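Descriptive analysis of the structure
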Amino acid sequence: MKVTSKVKVLLGFMICGIITTSYSQIKKKEADRPNVIVVLADDIGIGDISHYRNLSKGKVVLETPNIDNLAQQGMYFTNAHAPAALCATSRYAIMTGNCNYRSPVPWGVWSGYAKSVFTPEQITLGKLMKNANYNTAFFGKWHMGTSFNTLDDPNTIFKERGKLSTNVDITKIVAGGPQHNGFDYSFSLPSGIQNVPYSAYENNNWYPLAKDSKVALITKVDMLKKGVILNKKDGLGDSNWDPSAIGPLLINKTIDHIAKVAKKDTPFFIYYCSQAVHLPHNPPKELNGIPIAGTTPSSHMDMIKELDTQIGLMVQELKKQGVYENTVFIFTSDNGGLHVDKNTLASGHKPNSIYRGKKNEPYEGGHRVPFIAVWPKQIAPNQMSDKPILGLDILATLAGVTEQHIPEGQAEDSANLLPVLKGETEVNPHPYLMVQGGAFREAIIIDKDWKLIIQFDKKDKTDTKRTPVALFNLKDNITEDEAHNFINDAKYKDKVALLFKKYNQTRNNQTPIGNHN
């Protein structure tokens, strides 16, 4: 049959109409998807949040009204755990949905000059949300490896040797940063406020903190003159480096970004990694007109107040832009709370509430964290869940929110919490939990009420020499009282052997422990 020119034109219009309709349907579907903000606090313990402190009927010295409001507007978990009791390793797990032992560097803390722990093909939170056509942004502490060139050879990546070196061009991140891992925009600190380089970066470029900023050697002696105790070593940074100014800078950059992307057709994803409440504790005098420094019993608690204020400002901006009702908001921490300073101790504030231990320790205080999820009209308000979950479950949960399938071999330990968040009580995200301690190389397996702590031989680079060192029944001994450590009790020999075997088999066989469905 001969196709006339009129028919061709008609067919063209029909095809164009179909394409236009399909495109508009796709855009509508994107517009209907929720925005997502994930807040990862730094060193916040479960007792630092007044909502959680009230649950244990403990003394509340400092109120955190903005974070408490989140708990009242959504679901809060009482049995949530950071993947590790230490920040860098925990951040790797949250970013990838994998237990720490799957990392090429499973232990310790990495410097701002360390090689990235991510492989090019590995899924990250940024890549996941980018795959769903989200506008993606990262703010705050990165701490998962960033690469810079050397000064004397721009074609060579700087490698830190453990000693002070100034042969590094800190003006540009050349690999390993947020924009190399799925984020369209970033305002980042390679090591937070505690370590080199002491500088901020917008996208991959150094962001001068003042008009007269220059790259300079930041030393403990010079910082003391500003009233700042340098938490780590001397090194290069911005000549106007001041930890107290970083929090206000981060949150205001974030607020400006929300105002900008809220007007776009595509939904947005923000991963906000606060500088609070990591050392050094140098709170700002005020934050957007709200007094901070000196308003609580200690500088540590001032930082908690600063974090709570940051959360309030974010929520306020979401409501101002009219997008709060269609935003998933998740709040958690990278590890348990800090050891208390004398002023905090004297006040009666307990960063880890009733739990034993602190950051960098294998006890509950080292890895049990607050975890709150809000999604107005989707998650019922003021819901409590005692389901055992992990911070690394965020990735599979966001895959559920955005209706994505996680490829085989990716995010293997991450569980989709969306069914739990929507009230399905029979769902069990994990058959058991596997958590890591801190710098002293402990691992933990928690199966129902039982917790086994395993000590790795610190000199064994193969990580095969492992010894069970503690067994607690958390139902009867949530404080992990050493008097009821059953590790050497003959009655519990089989329980120790069973948990130890389960841990070893899971790790040695690379068995996934997350439910993606």
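These numbers were taken from a predicted model, which means no experiment stands behind them.

The next thing to look at is the state of the cysteines. As used here, a disulfide is simply a covalent bond connecting the sulfur atoms of two cysteines. Counted by the stated rule, this structure contains zero disulfides. Of all cysteine sulfurs, the one in Cys87 lies closest to Cys273, which takes part in no disulfide; the gap is 11 Å.

A word on the packing of helix H3 (residues 65-73) against helix H8 (residues 299-320). Between two packed helices, both the angle of their axes relative to each other and the distance between the axes serve to describe the pair. Direction vectors running N to C along H3 and H8 enclose 55°, while the axes themselves pass 7 Å from each other. When the interaxial angle is binned, H3 and H8 end up oblique. Contact residues: H3 offers Pro65, Asn66, Ile67 and Leu70, while H8 offers Leu307, Asp308, Thr309, Ile311, Gly312 and Val315. Considered class by class, the residues forming the contact of H3 with H8 number six nonpolar, three polar and one charged.

All chains considered together, the criterion is met by 20 salt bridges. Among the ionic pairs, Asp463 bridges to Arg507, the shortest N-O distance being 3.5 Å. Taken together, the residues span a long stretch of sequence, with Asp463 in the loop between strand E19 (450-456) and strand E20 (466-473) and Arg507 in helix H13 (residues 493-508) at a distance of 44 residues. Judged by relative accessible area, which is 7%, Asp463 ranks as buried.

On to the side chain of Gln310. In this fold, Gln310 is placed in helix H8. At 3.4 Å, the side chain of Gln310 and the side chain of Ser274 are in polar contact. Among all residues touching Gln310, those that are not within four sequence positions of it are Gly247, Ile251, Tyr272, Ser274, Gln275 and Leu287.

Our focus in this paragraph is the environment of Phe138. Here Phe138 shows up in strand E4 (residues 135-141). Through-space distance from the C-alpha of Phe138 to that of Ser188 is 7.1 Å; in sequence the pair is 50 residues apart. Those residues in contact with Phe138 that lie beyond four places of it in its chain are Pro178, Phe183, Tyr185, Ser186, Phe187, Ser188, Tyr271 and Cys273.

Let us now look at the environment of Pro267. Along the chain, Pro267 falls in the loop between helix H7 (243-261) and strand E10 (268-273). Along the chain, Pro267 and Asn133 lie 134 residues apart, while their C-alpha atoms are 7.8 Å from each other.

Our next topic: the packing of aromatic side chains. Summed over the entire model, instances satisfying the criterion amount to 20 aromatic pairs. Geometrically, the ring pair formed by Tyr52 and Tyr76 is edge-to-face, given 6.3 Å between the ring centres and 80° between the ring planes. Residue Tyr52 is found in helix H2 (residues 50-55), and its partner Tyr76 is found in strand E2 (residues 75-77); the two are separated by 24 residues along the sequence. Residue classification places Tyr76 among the buried positions, given a relative accessible area of 8%. Ring pairing ties together the aromatic residues Tyr92, Phe118, Phe138, Trp142, Phe183, Phe269 and Tyr271, which thus form one cluster. The lysine or arginine in question, Lys319, covers the ring of Tyr324, its NZ or CZ lying 5.0 Å from the ring centre. The ring centre of Tyr363 lies 3.7 Å from the NZ or CZ of Arg356, which sits over that ring.

Listed in full, the buried residues belonging to H3 are Ile67, Asp68, Leu70 and Ala71. For H3, the arc enclosing every buried residue in end-on projection is 150°, short of the 170-degree limit, so these residues lie on one face. In the core, the buried residues of H3 are packed alongside H2, E2, H8, strand E13 (327-333) and strand E14 (371-374).

Criteria and cut-off values
Residues numbered from 1 in each chain as written. Predicted model: local features only at pLDDT ≥ 70, side-chain atom pairs only at ≥ 80, totals over all residues. Heavy atoms only, no water. Disulfide = S-S within 2.5 Å. Axes fitted to C-alpha atoms, helices over the stretch in contact; angles between N-to-C directions. Helix = DSSP H or I, 4+ residues; strand = E, 2+ residues; numbered from the N terminus. Parallel < 35°, antiparallel > 145°, perpendicular 65-115°, else oblique. Contact = heavy atoms within 4.5 Å. Nonpolar A, V, L, I, M, F, W, Y, C, P; charged D, E, K, R; others polar. Salt bridge = Lys/Arg side-chain N within 4 Å of Asp/Glu carboxyl O. Buried < 20%, exposed > 50% of the residue type's maximum accessible area, 1.4 Å probe, protein only. Polar contact = N/O pair within 3.5 Å; in protein donor to acceptor, adjacent residues only side chain to side chain. Phe/Tyr/Trp six-rings, centres within 6.5 Å; stacked < 30°, edge-to-face > 60°. Lys NZ or Arg CZ within 6 Å of the ring centre and 35° of its normal. Arc of directions from axis to C-beta.

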